[in-house]
Amino acid sequence: MKSYIRLTSPALILLFVCLAVVACEKKKEGKVEVVAQEFVLRADSDHSYVIDAKGKIKNTGEVDVKNIVVTSVCKSCSEIFAVGIWFITGSEGSEGSQKNPEQKDTINYLPAGKEAEFNFQEAAYMMVLPKGSPPTSNKPDQIEVVVESFETVDK
């Protein structure tokens, strides 16, 4: 009986040490960054203008990522509709407010170290009067593209 305990004790200790090392192993993380962004002013109708966004994102993480959602935030835009002022819908922090499908782009898969292009519409809106008068400023001051979410790919 003593020889059985002497043989199994070191094996159990070794098993627990191996489990501890595996459990503490640092998992690789994904990281996606916006590397280029461009905002284009477009007349949406006789009395409204919108800003569309396009650019590139890059996977700077160690693993592949999927379902990357890219959208915009505008800190200088209003959430209240008013003539002559840039406004947005679905802003961060608004309860129950979400972006419309055309206000974001989803990239299905992006390998580590690679880039992908994004393109979406209606980052910001402006109503103007009289008919056809352009906005006094080309675009809002504090508008930027952000990566809203992504998932890492388990290999």
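You'll find the structure just up there.
Residues numbered from 1 in each chain as written. Predicted model: local features only at pLDDT ≥ 70, side-chain atom pairs only at ≥ 80, totals over all residues. Heavy atoms only, no water.

Turning our eyes to something else, we now look at the pairing of strand S1 (residues 32-45). Where S1 meets strand S2 (residues 48-59), 12 bridges bridge the pair, whose relative direction is antiparallel. By the bridge assignment for S2, Leu-41 is matched with Ile-51. From the end of S1 to the start of S2, which pair antiparallel, there are two residues. (Pairing = 2+ DSSP bridges. Helix = DSSP H or I, 4+ residues; strand = E, 2+ residues; numbered from the N terminus.)

Moving on to the sheet that holds strand S6 (residues 143-152). The strands that make up a sheet pair up through hydrogen bonds in the backbone, lying either parallel or antiparallel. Pairing is antiparallel in the open sheet, where three strands are placed in the order S4-S3-S6. Sheet topology places strand S4 (105-110) and S6 at the edges, where each strand pairs with a single neighbour. Shown here is a sheet whose adjacent strand axes are inclined to one another by a mean of 25°, direction ignored. Judged from the eight bridges that link them, strand S3 (residues 65-74) and S6 form a sheet pairing that is antiparallel. The residue of S6 that forms the bridge with Val-70 is Val-147. (Axes fitted to C-alpha atoms, helices over the stretch in contact; angles between N-to-C directions.)

Attention now moves to a nonpolar patch on the surface. A cluster of nonpolar residues, Leu-12, Leu-15, Phe-16 and Leu-19, forms a patch on the protein surface that exposes about 410 Å² of accessible area. Its location among the elements puts Leu-19 in helix H1 (residues 2-23). (Patch = residues over 30% accessible without salt bridge, like charges linked within 9 Å, V, L, I, M, F, W, Y side chains within 5 Å. Areas by Shrake-Rupley, 256 points an atom, 1.4 Å probe, with all protein chains shown as cover. Salt bridge = Lys/Arg side-chain N within 4 Å of Asp/Glu carboxyl O.)

By the definition in use, this model includes one disulfide. What pairs with Cys-74 in a disulfide is Cys-77, and their sulfur atoms sit 2.0 Å apart. Because the sign of the S-S torsion sets the handedness, a value of about 75° for the bond joining Cys-74 and Cys-77 places this disulfide among the right-handed ones. Each member of the pair, Cys-74 as well as Cys-77, carries the same accessibility label: buried. (Disulfide = S-S within 2.5 Å. Buried < 20%, exposed > 50% of the residue type's maximum accessible area, 1.4 Å probe, protein only.)

Attention shifts here to the environment of Arg-42. With respect to the helices, strands and loops of the structure, Arg-42 is situated in strand S1. Each C-alpha atom of the pair Arg-42 and Glu-122 lies 9.4 Å from the other, and the pair is 80 residues apart in sequence.

Now for the sheet that holds S2. Strand order in this open sheet of three strands is S1-S2-S5, and the pairing throughout is antiparallel. Where the open sheet ends on each side, the last strands, each with one partner, are S1 and strand S5 (115-127). The sheet shows a mean angle of 20° between the axes of neighbouring strands, direction not considered.

Within the element layout of this structure, Glu-38 appears in strand S1. Residues Glu-38 and Gly-55, 17 residues apart in the sequence, show an inter-C-alpha distance of 5.9 Å. The residues contacting Glu-38, other than those within four sequence positions of it, are Asp-52, Ala-53 and Lys-54. (Contact = heavy atoms within 4.5 Å.)

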